[in-house]
Amino acid sequence: MTWMRDEFFQMPWLYEAIVGSVCGGAAMLLALRWLERRRCLEDFRKARSRRERALGEMERAVSQLEESKRSGDRESILSLSLHELHEKLQSGFLTPDSVLHAYMDKALQVNKELNCLTDFLPECQNQLQSFKEKKKGLLYGIPISIKDNIDCKGHDSTCGLRTFLNQPATKDSVIVQVLKKQGAVPFVKTNVPQSLLSYECCNPIFGQTVNPHNTKRTSGGSSGGEASMIAAGGSILGIGTDIGGSIRVPASFCGICGFKATGKRLSTIGLRVSVPGQKAVTAGIGPLARDVDSLAFCMKALLCEDLFRLDPTVPPFPFNDEVYSSSKPLRIGYYECDGYWLPSASMKRAVMETKQLLEQAGHTLIPFAPLKTSFAMKEFVLKGISADHATTILERMKGDIIDPRLKDLFYVHSIPLILKKILYFLMKPFNPRMADICWGLCGVRSISDLWKQHVAIEAYCEEYISLWTSKNLDVLLCPALGPAFLAGIAGKLTVTASYNMIFNLLNFPAGVVPVGKVIEKDEDEMKDYVGCYNDFWEKIFKKTVSDTIGLPIAVQCVALPWQDELCLRFMKEVERVTQKNRAI
């Protein structure tokens with residue numbers, strides 16, 4: 001071997017050729033990466049330019065309506081509830097033109113402050129013309145905002161990803177088709193986090209959406225553009241999606257109401273999701289609005305014959321008004337901590353004060369211990385979403401620029417499988433939750449293991465329902481994540497998902513209702529917060545929910561599968577008792 005080495009160094013031309021090849025290859029690789037980044041940035045620039053042109057068209061449409069004297073009194077229109085607006089449109093007191101003008105004008109104003117919009121849907125103006133020949137639907141003339149990942153014909157559903165740019169939908173999603181058949185007027189699409197898998201609302205294409213109550217804080221994700229737009233008055237009703245709190249968290253952060261229906265109660269045809277193919281965690285769809293009656297009204301409009309015809313896989317069950325309108329006292333389970341993540345002081349107070357008000361209103365409240373949340377998060381939620389070892393999501397990220405706020409999330413997905421397993425064993429004694437997350441992100445080993453996991457998830461759901469029915473519960477009251485996190489921090493706190501994601505795993509309908517605001521007492525109690533594990537996530541959480549006096553807080557309301565109307569009825573009761581208490 002020594003003589004070979006000596007021979008090699010006696011041939012400097014060969015040595016130099018090898019070194020030159022290695023350096024040249026490295027330089028070529030760097031050049032290719034630089035060119036790919038330039039192409040990526042150019043794609044983003046073109047997408048932003050298209051958005052600016054679309055919003056410019058929206059501004060011109062507003063001006064044309066003003067010039068035609070069909071704009072109406074904007075402030076009086078914007079002050080109406082959905083029910084009031086519906087009545088005035090049905091009676092002819094207001095015209096769809098004037099209402100659309102008011103909300104387009106307001107949406108443009110809100111967008112300049114909060115960056116909520118990704119696109120304008122100019123076909124909304126053609127809809128106004130078609131109303132002359134059509135029968136008035138339940139949502140006749142109501143402007144509606146649509147989340148980015150819900151298909152609208154001729155428009156991109158980007159999910160905040162480069163790979164989905166320049167892929168306009170060939171037709172409307174079923175949910176948008178039904179909205180239009182009911183007379184609704186979809187007029188804008190709203191912003192989302194990159195890949196949808198974050199409680200942040202930011203992507204490298206369209207930037208950061210911020211919270212209307214405090215622009216240093218996030219609106220939440222992934223339906224953050226919707227929640228921010230509605231809370232600021234730029235939309236009266238919106239449609240979002242939810243695979244782990246993506247409707248409920250933004251609604252909680254922004255102080256509005258949001259509802260995730262039972263999976264398949266509404267059609268998901270034409271929705272672009274983060275991790276297509278995974279079956280462990282059920283993605284839901286649902287409305288966001290400023291009050292519960294608006295959510296129920298939207299669900300009633302959607303659950304119609306058109307929906308059942310366009311998507312025969314949706315059970316043909318119309319909205320049950322009798323259940324929603326009932327005043328029968330409820331048996332309500334409640335808990336303030338799930339054993340996996342210790343809630344903030346304001347989250348706990350929101351639950352316990354609402355519990356007391358519900359008891360005073362004649363309902364029965366029963367303590368409920370959530371079932372094996374830590375085990376379910378590790379073995380079912382994380383392993384289920386990562387069953388393909390994150391291949392799908394990493395494929396979608398190829399050639400993209402990762403948003404700096406989400407780098408931690410994508411970094412853990414990209415760690416090699418063997419290293420995740422090593423980290424699990426190394427960290428188990430010192431940081432058990434981090435170790436469990438590494439283990440969960442390893443996914444499943446084989447198709448056989450995947451099938452076993454599906455069986456185990458079914459057994460877990462049956463056990464959870466058995467615990468529920470053993471206490472003869474109607475509904476469940478539990479914490480809603482909040483208050484709103486500082487912008488840029490939410491991407492580091494996906495671990496807080498347990499309060500929301502568990503109900504996607506169980507496929508229970510769930511919604512959030514604002515019940516108050518953070519007070520000084522909450523701030524004082526957070527000074528002693530250490531969490532369940534006292535790990536670095538809980539230290540970040542403690543910091544991000546500090547200095548939040550005056551921000552909205554909410555509670556979460558849950559029912560068993562297919563009892564969506566009962567869940568909404570419970571939400572309405574929570575809204576009633578908390579509003580009555582604030583009025584005293």
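Thresholds applied
- Residues numbered from 1 in each chain as written.
- Predicted model: local features only at pLDDT ≥ 70, side-chain atom pairs only at ≥ 80, totals over all residues.
- Heavy atoms only, no water.
- Axes fitted to C-alpha atoms, helices over the stretch in contact; angles between N-to-C directions.
- Helix = DSSP H or I, 4+ residues; strand = E, 2+ residues; numbered from the N terminus.
- Parallel < 35°, antiparallel > 145°, perpendicular 65-115°, else oblique.
- Left-handed = near helix turned anticlockwise from the far one by under 90°.
- Contact = heavy atoms within 4.5 Å.
- Nonpolar A, V, L, I, M, F, W, Y, C, P; charged D, E, K, R; others polar.
- 1 Å grid on protein atoms, 1.4 Å probe; cavity = no way out; pocket = protein on both sides within 12 Å on 5 of 7 lines; lining within 4 Å.
- Points joined across faces, edges and corners; volume = space filled by probe spheres on them.
- Buried < 20%, exposed > 50% of the residue type's maximum accessible area, 1.4 Å probe, protein only.
- Pairing = 2+ DSSP bridges.
- Salt bridge = Lys/Arg side-chain N within 4 Å of Asp/Glu carboxyl O.
- Polar contact = N/O pair within 3.5 Å; in protein donor to acceptor, adjacent residues only side chain to side chain.
- Phe/Tyr/Trp six-rings, centres within 6.5 Å; stacked < 30°, edge-to-face > 60°.
- Patch = residues over 30% accessible without salt bridge, like charges linked within 9 Å, V, L, I, M, F, W, Y side chains within 5 Å.
- Areas by Shrake-Rupley, 256 points an atom, 1.4 Å probe, with all protein chains shown as cover.
- Disulfide = S-S within 2.5 Å.
- Arc of directions from axis to C-beta.
- Core = buried A, V, L, I, M, F, W, Y, C linked by side-chain atoms within 4.5 Å.
- Right-handed = clockwise from strand over helix to strand, strands pointing away.

This part takes up the packing of helix H14 (residues 373–385) against helix H19 (residues 447–470). At a closest axis distance of 11 Å, the pairing of H14 and H19 adopts a crossing angle of 130 degrees. The orientation of H14 relative to H19 falls into the category oblique. Seen from above, H14 lies across H19 with left-handed handedness. Where H14 abuts H19, its residues Ala-376, Glu-379, Phe-380, Lys-383 and Gly-384 lie against Gln-453, Ala-456, Ile-457 and Tyr-460. Per-class residue counts for the contact of H14 with H19 are five nonpolar, two polar and two charged.

This part covers empty space enclosed by the protein. For the structure shown, the criterion picks out two cavities of 30 Å³ or more. Of the volumes computed, that of the largest cavity is approximately 110 Å³. Forming the boundary of the largest cavity are 15 residues, of which Leu-196, Thr-241, Ile-243, Val-273 and Ala-283 lie nearest the centre. For the lining of the largest cavity, the secondary-structure elements that each account for two or more residues are strand E8 (237–242) and strand E10 (284–289). Across the lining of the largest cavity, the residue classes break down as six nonpolar, seven polar and two charged. Within this model, the second largest cavity holds a volume of roughly 40 Å³. In this structure, the second largest cavity is lined by Ser-344, Ala-345, Ser-346, Pro-483, Val-518, Asp-522, Glu-523, Met-526, Val-545 and Thr-548.

Burial along strand E9 (residues 257–260) is two-sided: Cys-257 and Phe-259 facing one way and Gly-258 and Lys-260 facing the other are all buried. Here E9 runs beside E10; their pairing, made up of two bridges, is antiparallel. Bridge pairing in E10 links Gly-258 to Leu-288. Here E9 pairs with strand E14 (residues 510–517) via three bridges, running antiparallel. Looking at the pairing, Gly-258 lines up with Val-512 of E14.

When the charged atoms of two side chains with opposite charge come close together, those side chains can pair. Considering all chains together, one arrives at 33 salt bridges under this definition. When the shortest N-O distance is used, the salt bridge between Lys-527 and Asp-524 registers 3.6 Å. Sharing partners across several salt bridges, the network here consists of Lys-378, Glu-379, Lys-383, Lys-428 and Asp-436.

With respect to the helices, strands and loops of the structure, Asp-172 is situated in the loop between strand E2 (143–147) and helix H7 (174–181). Overall, Asp-172 belongs to the buried group, its relative accessible area being 14%. For the pair Asp-172 and Gly-224, spaced 52 residues apart in the sequence, the C-alpha separation amounts to 22 Å. A polar contact is formed between the side chain of Asp-172 and the backbone nitrogen of Lys-153, at a distance of 2.7 Å. In this structure the side chain of Asp-172 is engaged in a polar contact, spanning 2.9 Å, whose partner is the side chain of Lys-180.

Within this structure, the stated rule accounts for 17 aromatic pairs. On the numbers, 5.8 Å between centres and 45 degrees between planes, the contact of Phe-368 with Tyr-464 is tilted. In this pair, Phe-368 is assigned in the loop between strand E12 (364–367) and H14 and Tyr-464 in helix H19, connecting sequence segments 96 residues apart. Take Tyr-464: its relative accessible area is 1%, and that puts it in the buried class.

All right, on to a nonpolar patch on the surface then. A cluster of nonpolar side chains, contributed by Ile-418, Leu-419, Ile-422 and Leu-426, occupies part of the molecular surface with about 380 Å² of accessible area. Relative to the elements of secondary structure, Leu-419 occurs in helix H17 (residues 417–427). A relative accessible area of 37% means that Leu-419 is categorised as partly exposed.

One pass over the structure, following the stated rule, counts zero disulfides. Left unpaired, Cys-40 is separated from the closest cysteine sulfur, that of Cys-202, by 14 Å. Under the relative-accessibility criterion, Cys-40 is labelled buried at 1%. Here Cys-254 stays unpaired: no disulfide links it, and the sulfur of Cys-116, its closest cysteine neighbor, is 8.4 Å away. Classification of Cys-254 as buried rests on a relative accessible area of 1%.

This part takes up H17. By the burial criterion, the buried members of H17 are Lys-420, Tyr-424 and Met-427. Down the axis of H17, the buried side of the element spans an arc of 90 degrees, and every buried residue falls inside it. Of the exposed residues in H17, the ones pointing more than 90 degrees away from its buried face are Ile-418, Phe-425 and Leu-426. Of the surrounding elements, those touching the buried residues of H17 are helix H16 (407–414) and helix H18 (432–440).

Here the focus is unusual backbone geometry. Residue Ser-222 is reached from Gly-221 by a cis peptide bond, and omega for that bond is 10 degrees. Relative to the helices and strands, Ser-222 resides in the loop between strand E7 (214–218) and helix H8 (224–231). The step from Gly-482 to Pro-483 runs through a cis peptide bond, and the omega angle for that step is -5 degrees. At Leu-196, a residue that is not glycine, the phi angle is positive and equals roughly 75 degrees. As for its position among the elements, Leu-196 is in the loop between strand E3 (185–190) and strand E4 (202–203). Positive phi is not limited to glycine here, since Trp-562 has a value of about 75 degrees. Counting through the fold element by element, Trp-562 comes out in the loop between strand E15 (552–558) and helix H23 (564–583).

Buried within H7 are the following residues: Val-174, Ile-175, Val-176, Val-178 and Leu-179. Check the buried side of H7 and you find it contacts E2, E3, E8, E10, helix H10 (292–302) and helix H11 (305–310). Positive backbone phi, approximately 95 degrees, marks Gly-183, located one or two places after H7.

Formed by 97 residues in total, the largest nonpolar core has its most connected members in Met-58, Leu-85, Ile-239 and Leu-568. Not counting the four nearest positions on each side in its chain, Leu-85 is found in contact with Ile-77, Leu-80, Leu-94, Val-99, Tyr-103, Ile-142 and Ile-236. Ala-280, Trp-341, Tyr-460 and Met-501 belong to the second largest nonpolar core, which has 70 residues in total.

Within the secondary structure, Lys-106 sits in helix H5 (residues 96–114). Every residue in contact with Lys-106, bar those within four places of it in the chain, is listed here: Arg-74, Leu-78, Ala-232, Gly-233 and Gly-234.

What follows is about the pairing of E12. Bridging between strand E11 (residues 331–334) and E12 involves four bridges; their strand directions are parallel. Across the sheet, Tyr-334 pairs through a bridge with Pro-367, a residue of E12. What joins E11 to E12 is helix H13 (residues 345–360), and the crossover it makes is right-handed.

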